[in-house]
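Notes for the structure review
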Amino acid sequence: MPTPMQPHSSAEAPVPALNGTRIQARSVSQRVRGAGRVLDDVSLDLAPGRLTVIAGSSGAGKTVLLQTLAGLRAPAEGAVLHDGAQPGSPGPEFGFAPQEDIIHRELPLHRTLVYAAGLRMPAGTPAEAVTARVDRVLETLGLSARASTPVRALSGGERKRACIAAELLTRPRALFLDEPTSGLDPVTGAALLRTLSALAEEGTTVVLTTHTLADLLRGDQVVFLSPGGEVAYAGEPGTLCGAFGVGTVEEVYGAVAGGARAERAVPAGVGETAPPDAGRTGAPPSPVRPRRVGAVRQWSLLTRRGTALLLHNRLSAAVLAGSPVMIVAMFAVLFRAGAFDPAAPDPGSTAMIMFWIAFGAFFFGLTYGLLQICAELPVLRREWLAGLRIGPYLASKLTTMLPVLADALLLVVLRALDRLPATGWTTYGSLFVSSVLASAAALALGLLASAAVTEPAQATLMLPLLCFPQVLFSGAFVPVPRMTGAGEAISWAMTNRWAFEALGSGVGLESLWRAGASPLGRPLLESYGDSFDHPAARGWLVLAGFAALFLVVTWAVLVRKCREAVVRSRAGR
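Just so you know, these numbers come straight off a predicted model, no measurement behind them.

Thresholds, definitions, all that
Residues numbered from 1 in each chain as written. Predicted model: local features only at pLDDT ≥ 70, side-chain atom pairs only at ≥ 80, totals over all residues. Heavy atoms only, no water. Helix = DSSP H or I, 4+ residues; strand = E, 2+ residues; numbered from the N terminus. Buried < 20%, exposed > 50% of the residue type's maximum accessible area, 1.4 Å probe, protein only. Contact = heavy atoms within 4.5 Å. Phe/Tyr/Trp six-rings, centres within 6.5 Å; stacked < 30°, edge-to-face > 60°. Lys NZ or Arg CZ within 6 Å of the ring centre and 35° of its normal. Core = buried A, V, L, I, M, F, W, Y, C linked by side-chain atoms within 4.5 Å. Expected span 1.5 Å × (residues − 1). Axes fitted to C-alpha atoms, helices over the stretch in contact; angles between N-to-C directions. Parallel < 35°, antiparallel > 145°, perpendicular 65-115°, else oblique. Left-handed = near helix turned anticlockwise from the far one by under 90°. Salt bridge = Lys/Arg side-chain N within 4 Å of Asp/Glu carboxyl O. Nonpolar A, V, L, I, M, F, W, Y, C, P; charged D, E, K, R; others polar. Pairing = 2+ DSSP bridges. pLDDT = per-residue confidence, 0-100.

Across its full length, the protein chain carries 20 helices and nine strands. Here the protein chain holds 573 residues, and 53% of them are scored as buried. A separation of at least 24 residues holds for 77% of the contacts in the protein chain among residues at least 6 apart in sequence.

Shown next as structure tokens:
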């Protein structure tokens, strides 16, 4: 049987064996905004191919130390070195698994990892090599039998291993894990530690934090932090209890909480300059990183994954299927047929039909966009660290959702029910473009709101807050010329106003009302003023501008949030 992390299929791309990274911390201190100093003069030497366990009481700074050693946080004082040099930006040789899930839950595990591999593995990797690599990682982590199981149906321990599997796809030289055994039963936790030990034996430098007592005795080195963020002990697990003169690991926690320190907390050699290749065997790896996946390829992969996620989510699929039916039923119940009859038009109904088409496009575009980002932000952050670009990510959201929102069949059905006028392709082409751009602007607004909030519950609360102004200031119920100055100013920022006016212009409401025999035509025309006196293209331009503006701001928000995962500036400055 092949040993862990070695190729087992000729289809897998030939990749040279990678040795671990030597990680050194030299007098590192760290501050966190709002918490003050959390690490104090930490010096460590983590040799390649070893499993290091970081322990300590809650609030001792374990996660902060892990992020600092990984290079995700720049030390406030001191230095962290990877192979004798300052850490660069994360790349394929870097693996980091936070406590939250970093893979989507809707798709089967194997398919989820294939998409992750497509984004992380070098550009040009053949599909069969990607599949072989996924199969090998699943075998290494004991998940082969669960390959076809949706991630959401995995147990907690299996899901943690699935997240680790995503990190192993690129054969990292250093792997950092934040409490990987948290919430696992003792048997599952022990099995996971054995797997990580096997990875370390193959050369990967593995560093993890833990609250599980048994984990402290399963690594090659233990780093025990005091409540003040100092190193109370750093050495082999076998001498941990003896260093504090106690008999059990539980008692070590009590001794450290009482201020005890091991006589020699830091292994010999820390502080000495190690050559970049110290602790490695064989030739050093090339400093040239594999070619990253290009923007177009990322967009294509993300679009396919987004479509698969949409179709595998039962609630989303039900909403997609039910939305057009609901809209058609609403129009059939609310409005009588023949409202656009040139001989006897119904001005009030024609205006409301245009408004509800506009608002329907806005509502569903906003609703679909609101949950697109906030629910998968941990996944996005981790993939951004692995090289994902925000531009292709946002573009994939548009290409996944807009075909769903651009429902030309809806217009056909409404015409068949005589809720729209009997006109030519030019009119219906204009209506279609207006509704698509209205949906695009609303979707972009939803993506912006989704990126700005911190959790899905907040996104849900945004729905009424964003919808009510679009109804009140659209100009349908209170025409724009009849609004106060402040109301008219607000209406300029409402995408629904421009969609309503573009739809009304495209269908020719002004000429219909002017020529119709209804006594309501001219008064209604006067109340709306020149709302429908402009070409529909004006509304298209405004809607496209809003969509572009929302997307640019969303891009900026996501870049900032992703960069928060890599704190390059000194905390607390």
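Next up on the list: the packing of aromatic side chains. With the rule as written, the count across this model stands at 19 aromatic pairs. Each member of the aromatic cluster is reached from another via a ring pair, and the members are Phe-355, Trp-356, Phe-359, Phe-362, Phe-363, Phe-364, Tyr-368, Phe-477, Phe-500, Tyr-528 and Phe-532. Between the NZ or CZ atom of Arg-497 and the centre of the ring of Trp-492, over which it lies, the distance is 5.1 Å. The residue whose ring lies beneath Arg-497 is Trp-498, and the NZ or CZ to ring-centre distance is 4.3 Å.

In this section: the nonpolar core. Counting residues in hydrophobic clusters, the biggest one holds 84 residues, and the most contacted among them are Phe-340, Ile-353, Met-354, Leu-420 and Leu-558. Broken down by element, this core gets its largest block of residues, 14 residues, from helix α10 (residues 347-370). Apart from the residues lying within four places of it in its own chain, the contact partners of Leu-558 are Ile-373, Leu-377, Leu-380, Ile-390, Tyr-393, Leu-394 and Ala-451.

This brings us to the side chain of Lys-397. Within the fold, Lys-397 resides in helix α12 (residues 390-405). Among all residues touching Lys-397, those that are not within four sequence positions of it are Gln-372, Glu-376, Leu-443 and Leu-447.

It is worth spelling out α10 at this point. The terminal C-alpha atoms of α10 lie 34 Å apart, and with 24 residues this matches the ideal 34 Å at 1.5 Å per residue to within 8%. Of all 24 residues in α10, 20 are buried; the element is thus mostly enclosed.

Attention now moves to the environment of Phe-432. Mapped onto the elements of the fold, Phe-432 is located in helix α14 (residues 425-452). Sequence separation between Phe-432 and Leu-409 is 23 residues; the distance between their C-alpha atoms is 10.0 Å. Residues contacting Phe-432, with those up to four places away along its chain left out, are Ala-406, Asp-407, Ala-408 and Leu-411.

At a minimum axis distance of 9 Å, the contact between α10 and helix α17 (residues 495-507) shows a crossing angle of 135°. Viewed along their axes, α10 and α17 adopt a mutual orientation that is oblique. Here α10 runs over α17; the crossing is right-handed. Contact with α10, carried on its side by Ala-351, Met-354, Phe-355, Ile-357, Ala-358, Phe-359 and Phe-362, involves Thr-495, Asn-496, Ala-499, Phe-500, Leu-503, Gly-504 and Val-507 of α17 and no other residues of that element.

On inspection of all chains with the given rule, the structure shows 15 salt bridges. The partner of Arg-120 in a salt bridge is Glu-167, and the shortest N-O contact between them spans 2.9 Å. A residue pair is termed long-range when its members are at least 10 positions apart, and Arg-120 in helix α2 (residues 109-120) and Glu-167 in helix α4 (residues 156-168) qualify at 47 residues. Note that Glu-139 is salt-bridged to Arg-136, the shortest N-O span being 3.6 Å. Of this pair, Glu-139 and Arg-136 both sit in helix α3 (residues 127-140), three residues apart, which is roughly one turn of the helix. Accessibility expressed as a relative area gives 30% for Glu-139, which makes it partly exposed. Judged by its relative accessible area of 1%, Arg-136 is buried. Among the ionic contacts, a cluster of salt bridges with common partners joins Asp-101, Arg-105 and Arg-159.

In the contact formed by α14 and α17, the axes pass within 8 Å of each other and the chain directions differ by 175°. What the angle tells us is that α14 and α17 run roughly antiparallel. Between α14 and α17, the residues in contact are Thr-427, Ser-430, Leu-431, Ser-434, Ser-435, Ala-438 and Ala-441 and Thr-495, Ala-499, Ala-502, Leu-503, Gly-506 and Val-507, respectively. Classifying every residue of the contact of α14 with α17 by side-chain character gives seven nonpolar, six polar and no charged.

What holds strands together in a sheet is hydrogen bonding between their backbones, with the strands either parallel or antiparallel. Sheet architecture is open: six strands sit in the order β5-β6-β7-β3-β8-β9, paired in mixed fashion. Either end of the sheet is taken by a strand with one partner, and the two such strands are β5 (94-97) and β9 (231-235). Neighbour to neighbour, the strand axes of the sheet diverge by 10° on average, direction disregarded. Looking at chain direction, strand β3 (residues 51-56) and strand β8 (residues 221-225) are connected through five bridges and run parallel.

On to the sheet that holds strand β2 (residues 36-46), then. Within the open sheet, the three strands sit side by side as β2-β1-β4. Their pairing is antiparallel. Edge strands, defined here as strands with exactly one partner in the open sheet, are β2 and β4 (77-82). Averaged over all adjacent pairs, the angle separating strand axes in this sheet is 25°, with direction ignored. Two elements, strand β1 (residues 23-32) and β4, share five bridges in a ladder whose sense is antiparallel.

Moving on to the environment of Gly-545. With respect to the element layout, Gly-545 can be found in helix α20 (residues 536-563). Using a relative accessible area of 38% as the deciding quantity, one classes Gly-545 as partly exposed. For the pair Gly-545 and Thr-495, spaced 50 residues apart in sequence, the C-alpha separation works out to 10.0 Å.

Along β5, one buried face is formed by Phe-94 and Phe-96 and the opposite face, lined by Gly-95 and Ala-97, is buried too. As defined by bridge partners, β5 adjoins strand β6 (residues 174-178) across four bridges and the pair is classed as parallel. Counterpart to Phe-96 in the pairing with β6 is Phe-176.

Turning next to the confidence of the model for the protein chain. With 87% of its residues at a pLDDT of at least 70, the protein chain reaches an overall mean of 83. This model gives residues 1-18 a pLDDT under 50, and the stretch forms 39 contacts once residues within four places in sequence are excluded. In the model, residues 568-573 has pLDDT below 50 throughout and makes twelve contacts with residues more than four positions away in sequence or in other chains.

Along the chain, His-312 turns up in helix α8 (residues 295-312). With relative accessibility at 32%, the residue His-312 sits in the partly exposed group. Between the C-alpha atoms of His-312 and Pro-150, which are 162 residues apart in sequence, the distance is 9.6 Å. Not counting residues up to four positions away in its chain, the partners in contact with His-312 are Glu-106, Leu-107, Pro-108, Arg-111 and Arg-152.

On to unusual backbone geometry, then. You will see that Asp-83, though not glycine, has its phi angle at about 55°, which is positive. In this fold, Asp-83 is placed in the loop between β4 and β5. Here Arg-171, not a glycine, exhibits a phi torsion of approximately 50°, which is positive. With respect to the secondary-structure elements, Arg-171 resides in the loop between α4 and β6. Among the residues examined, Arg-171 registers a relative accessible area of 12% and is labelled buried.

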